[in-house]
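Breakdown of the fold
Residues per chain are reported as follows:
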Amino acid sequence: MTETVVAIGTRKGLWIARSSDRTEWTLEGPHFLMSEVASVAIDTRQGRSTVLAGVKSWHWGPTVQASTDGGRTWTESAERALAFPSDTDTALERVWQLTPDPNDADVVWAGVEPHALFKSTDRGERYELVRGLWDHPHRPTWEPGFGGGAVHTIVPEPGHPESMLVAMSAGGVYRSADGGATWSPSNPGIRAGFMPDNEYPEYGQCVHKVARGQGDGELFAQNHNGVYRSSDNGQSWQSIAEGLPTDFGFTVLAHPTRPGVVWVVPVADAGERIPPDAQLQVQRSDDAGATWRRQAAGLPDHSYTCVLRDAAGLDSADPVGVYLGTRNGDVFASADEGETFQRIATQLPDVLVVRAAQLV
Amino acid sequence: MPSAPVRVILPGMLRDLVGGVAEIEVESSGDAQTVAELLDRAFAEHRILDGKVRDERGQIRRHVKVFVNGEDATRGEGIGAVVPAGARVHIINAVSGG
């Protein structure tokens with residue numbers, strides 16, 4: 001029987017919501033109580049039910065934990081799964097992103113703080129620093145965002161293992177065309193309105209999240225002020241913010257099968273960081289950002305919370321499920337691509353990451 | 001003649017990771033060793049503890065304290081502090097968080 005699993009990483013632990021029909025939900029947890037879970041990946045490649053979690057204890061440091069039974073039981077390697085090599089004289093602060101590679105079922109990518117990319121070739125047991133990005137001459141000048149300086153977004157390209165993209169706050173978008181050996185900034189068209197002089201620098205943009213769409217070369221980006229589309233695999237970017245109530249936000253989601261379908265969760269303003277008009281909502285476009293419409297049925301008004309960059313996710317069912325977690329510990333689920341939402345968890349710690357998948 | 005072993009006392013939060021072990025005895029090879037040398041020996045058979053107490057540079061984590069005979073070594077010389085033979089070393093999770 002297919003089970004929909006929603007992994008909910010929070011400031012103080014991980015919860016797992018499960019459902020056989022996406023209507024009735026059970027909630028398990030907490031796992032890792034009192035530890036921050038900022039990154040989760042559900043690895044369904046080759047029929048797996050593996051869940052990987054970037055866990056940080058405020059006392060005992062960051063690590064990656066793994067479950068092979070859909071998040072019910074967890075194991076941690078005795079040796080550090082992910083650590084900076086000694087020559088870097090650097091210590092891992094936090095694992096911000098875990099991304100199973102679509103081209104190689106043994107590869108998992110990890111984006112971490114401080115700004116670095118790691119690669120595992122054994123399904124997430126051990127990770128090694130990707131030197132090409134670490135050694136990039138721009139790295140010392142990448143500024144930390146408010147949450148810290150990290151590679152928080154990793155976007156491989158299905159069918160093209162040599163091609164991938166990473167994003168960071170506030171370094172911007174970088175692309176590799178050789179599997180991660182070398183990297184180049186790729187921010188043409190992305191505005192950095194906070195810069196005093198040149199608002200279109202080569203790099204330094206505060207990209208909050210990038211999602212790959214299903215159109216040819218299609219990517220969507222939510223920035224610190226700015227929503228963008230690329231139709232050339234990130235070589236250039238065009239604003240698609242017109243029609244949105246605000247161009248600020250943290251997350252962006254792209255439909256897993258339908259080109260041009262994209263969701264953002266607008267946030268009123270960088271200086272407010274609440275939903276527009278205090279109505280928690282998603283904005284959906286079916287035409288790659290040309291037009292937008294609000295989806296808010298089942299989401300609360302008089303809401304002064306926020307959805308962070310990884311606190312939204314999609315499942316892979318048809319119709320696609322949309323999931324949102326808020327900083328005040330609610331999780332909302334939609335089984336009809338955002339038309340209606342129901343609350344499936346409440347009173348959790350602030351939600352940092354939400355990932356969903358169908359497990360067999 | 002062998003020196004008295006050093007007793008490393010683990011906090012409750014770490015004992016579950018090593019099957020309930022509360023204390024590790026480390027033989028002293030001489031009169032004294034540093035905190036770093038002591039932890040290398042204490043964690044040789046309990047590798048998971050190393051990543052909890054120290055970062056990959058070998059530094060004691062920010063919210064962890066190591067007391068040597070009741071003195072907070074992390075306030076002084078840190079991992080270079082001297083641990084005399086027969087010492088009692090407490091590893092403590094700092095009173096921090098929210």
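The following refers to the structure shown. Note that the structure is a prediction, hence the values are computed from the model and not measured.

With that out of the way, let us pick up the overall build of chain B. A count of helical and extended segments in chain B gives three helices and seven strands. Secondary structure elements of chain B, listed N to C terminal, follow the sequence β-α-β-β-α-α-β-β-β-β. At 13 Å, chain B has a C-alpha radius of gyration in line with the 13 Å of a compact globule built from 98 residues. Counting all 98 residues of chain B, 31% fall into the buried class.

In this section: the nonpolar core. Nonpolar side chains in soluble globular proteins generally cluster together in the buried interior. Formed by 106 residues in total, the largest nonpolar core has its most connected members in V6(A), I8(A), V40(A), V331(A) and V354(A). Among all residues touching V354(A), those that are not within four sequence positions of it are V6(A), I8(A), A311(A), A312(A), G313(A), Y323(A), L324(A), G325(A) and V331(A). In this structure, V6(B), V35(B), V83(B) and V89(B) belong to the second largest nonpolar core, which totals 22 residues.

Turning to the environment of I48(B), a few remarks are in order. Topologically, I48(B) is positioned in helix α3 (residues 47-53). In this structure I48(B) comes out as partly exposed when scored by C-beta crowding, with 17 C-beta atoms within 10 Å. Distance from I48(B) to G19(B), taken between C-alpha atoms, is 12 Å for residues 29 residues apart in sequence. Beyond its immediate sequence surroundings of up to four residues, I48(B) is in contact with E76(A), A78(A), L17(B) and V18(B).

Further remarks concern the interface of chain B and chain A. Of the residues lining the interface, 16 residues belong to chain B; the matching set on chain A comes to 14 residues. Among the elements that take part in the side of chain B that touches chain A, α3(B) stands out by supplying four residues, more than any other.

The next thing to look at is the sheet that holds strand β10 (residues 128-129) of chain A. Residue and element names in this part refer to chain A. One open sheet accounts for four strands, arranged β7-β8-β9-β10; its pairing is antiparallel. At either margin of the open sheet sits one strand with a lone partner, and together these are β7 (94-100) and β10. By the bridge criterion, two bridges tie strand β9 (residues 116-120) to β10 in an arrangement that is antiparallel. Each bridged residue has a counterpart across the sheet, and for F118 the counterpart in β10 is L129.

This part takes up unusual backbone geometry. Residues and elements named next belong to chain A. Here the bond from S169 into A170 is cis, since omega is 0 degrees, no more than 30 degrees from zero. Here A170 is to be found in the loop between β12 (164-169) and β13 (172-176). Even without being a glycine, M34 presents a positive backbone phi close to 75 degrees. Locating M34 in the fold gives a position in the loop between β3 (26-31) and β4 (35-43). Notably, A278 is not glycine yet its phi reads approximately 55 degrees, a positive angle.

Bringing the environment of R355(A) into the picture now. Residue and element names in this part refer to chain A. Here R355 lies in strand β27 (residues 351-359). Among the residues examined, R355 registers 24 C-beta atoms within 10 Å and is labelled buried. The contact partners of R355, leaving out residues within four places of it in the chain, are A7, V40, A41, I42 and G313.

What follows deals with the sheet that holds strand β21 (residues 282-285) of chain A. Residue and element names in this part refer to chain A. Spatially, the four strands line up as an open sheet ordered β19-β20-β21-β22, and their pairing is antiparallel. The outermost strands of the open sheet, each flanked by one partner alone, are β19 (248-254) and β22 (293-295). Each strand axis lies, on average, 30 degrees off the axis of its neighbour in the sheet, ignoring direction. Looking at chain direction, strand β20 (residues 262-267) and β21 are connected through three bridges and run antiparallel.

This part covers helix α2 (residues 35-42) of chain B. Among the residues of α2(B), V35(B), L38(B), L39(B) and A42(B) are the ones counted as buried. Here the buried residues of α2(B) occupy an arc of 95 degrees about the axis, which is enough to place them on one side.

Quick notes on the rules
- As a convention, each chain's residues are numbered from 1 in the sequence order in which they are written.
- Each chain takes a letter, starting from A, and each ligand takes a number, starting from 1, following the order in which they are written.
- This being a predicted model, a pLDDT of at least 70 is required before a residue's local features are given, and a value of 80 or more before pairs of side-chain atoms are given or counted; all residues contribute to the totals for chains, interfaces and linings.
- Helix and strand definitions follow DSSP, with helices as H or I runs of at least four residues and strands as E runs of at least two, each counted in order from the N terminus.
- The globule rule used here is 2.2 Å times the number of residues to the 0.38 power, and the radius of gyration it is set against is calculated over C-alpha atoms.
- Field definition: a residue is buried when 20 or more other C-beta atoms are found within 10 Å of its C-beta, exposed when 12 or fewer are, and partly exposed for counts in between, with C-beta atoms placed from the backbone.
- Nonpolar cores are identified as sets of buried Ala, Val, Leu, Ile, Met, Phe, Trp, Tyr and Cys residues joined via C-beta atoms within 7 Å.
- A pair of residues counts as a contact when their C-beta atoms, built from backbone coordinates, are separated by no more than 7 Å.
- Following DSSP output, two strands are said to pair if at least two bridges run between them.
- Note on geometry: axes are C-alpha line fits, over the in-contact stretch for helices, and angles between N-to-C directions span 0 to 180 degrees.
- Throughout, the arc means that of the directions going from the helix axis to the C-beta atoms.

Keep in mind that these numbers describe shape and distance, not what the molecule does.
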